[in-house]
Amino acid sequence: MKKINHIPEIVGETTDVESWLMRAGLRFSDLGNDAASIAIRRQWREYQAAVHRCCVTLHQPPSGVQLSGDYANLRIPGAAFTHCEIDRLSSRP
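In this text, all values refer to a predicted model and were calculated from it rather than measured experimentally. (Residues numbered from 1 in each chain as written. Predicted model: local features only at pLDDT ≥ 70, side-chain atom pairs only at ≥ 80, totals over all residues. Heavy atoms only, no water.)

Trainee: Sorry, what's going on with the environment of Ser63 here?
Mentor: Inspection of the secondary structure assignment puts Ser63 in the loop between helix H2 (35–58) and helix H3 (79–90). Accessibility expressed as a relative area gives 54% for Ser63, which makes it exposed. Through-space distance from the C-alpha of Ser63 to that of Thr14 is 6.2 Å; in sequence the pair is 49 residues apart. Excluding anything up to four places from it in sequence, Ser63 contacts Gly12 and Glu13. (Helix = DSSP H or I, 4+ residues; strand = E, 2+ residues; numbered from the N terminus. Buried < 20%, exposed > 50% of the residue type's maximum accessible area, 1.4 Å probe, protein only. Contact = heavy atoms within 4.5 Å.)

Rendered as structure tokens:
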């Protein structure tokens, strides 16, 4: 049975902040000045830098590349921040 609201697997990268935020179910208007929003904005800048480097190296447009390895966690907004928080909390005695 097919899902009605099926979201296709994310293929390729983007230079559009709204598209990037939608991957986590967020909108730009959801961001404020709290620590999580600041971390997401920082992640966006890191994501854009990684996408740019990848595009230049591979001579491909953003839609033609996909981040992996250490950069894969930048693909979804908040993923890097959440991952760090989980690691930090799980290391407590």
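Trainee: Help me understand the pattern of salt bridges, please; the structure alone is not making it clear to me.
Mentor: Once their charged atoms are close, side chains differing in charge can pair, the charge on each being opposite to the other. Evaluated as defined, the whole model comprises 3 salt bridges. Two residues, Arg75 and Glu13, come together in a salt bridge whose shortest N-O distance is 2.6 Å. Within this pair, whereas Arg75 is found in the loop between H2 and H3, its partner Glu13 is found in the segment before helix H1 (17–22), the two being separated by 62 residues in sequence. The partner of Asp30 in a salt bridge is Arg27, with the nearest N and O atoms 3.5 Å apart. (Salt bridge = Lys/Arg side-chain N within 4 Å of Asp/Glu carboxyl O.)

Trainee: How should H2 be read in this particular structure?
Mentor: Given 3.6 residues per helical turn, the α-helix brings residues three or four places apart onto the same face. End to end, H2 covers 34 Å across 24 residues, agreeing with the expected 34 Å (1.5 Å per residue, within 8%). Residues Ser37, Ala39, Ile40, Gln43, Trp44, Tyr47, Ala50, Val51, Cys54 and Cys55 constitute the buried set of H2. His59 sits one or two positions beyond H2 and adopts a positive phi of about 55°. (Expected span 1.5 Å × (residues − 1).)

Trainee: Sorry, what's going on with unusual backbone geometry here?
Mentor: Among all residues save glycine, negative phi is the norm, and among peptide bonds the norm is trans. At His59, a position not held by glycine, the phi torsion is positive, near 55°. Structurally, His59 can be placed in the loop between H2 and H3.

Trainee: What exactly am I supposed to notice about the side chain of Glu13 here?
Mentor: Judged by relative accessible area, Glu13 falls into the buried class, the value being 6%. At 2.6 Å, the side chain of Glu13 forms a polar contact with the side chain of Arg75. Once you skip the residues sitting within four places of it in the chain, Glu13 turns out to touch Arg23, Tyr47, Val51, Pro62, Ser63, Val65, Gln66, Leu67 and Arg75. (Polar contact = N/O pair within 3.5 Å; in protein donor to acceptor, adjacent residues only side chain to side chain.)

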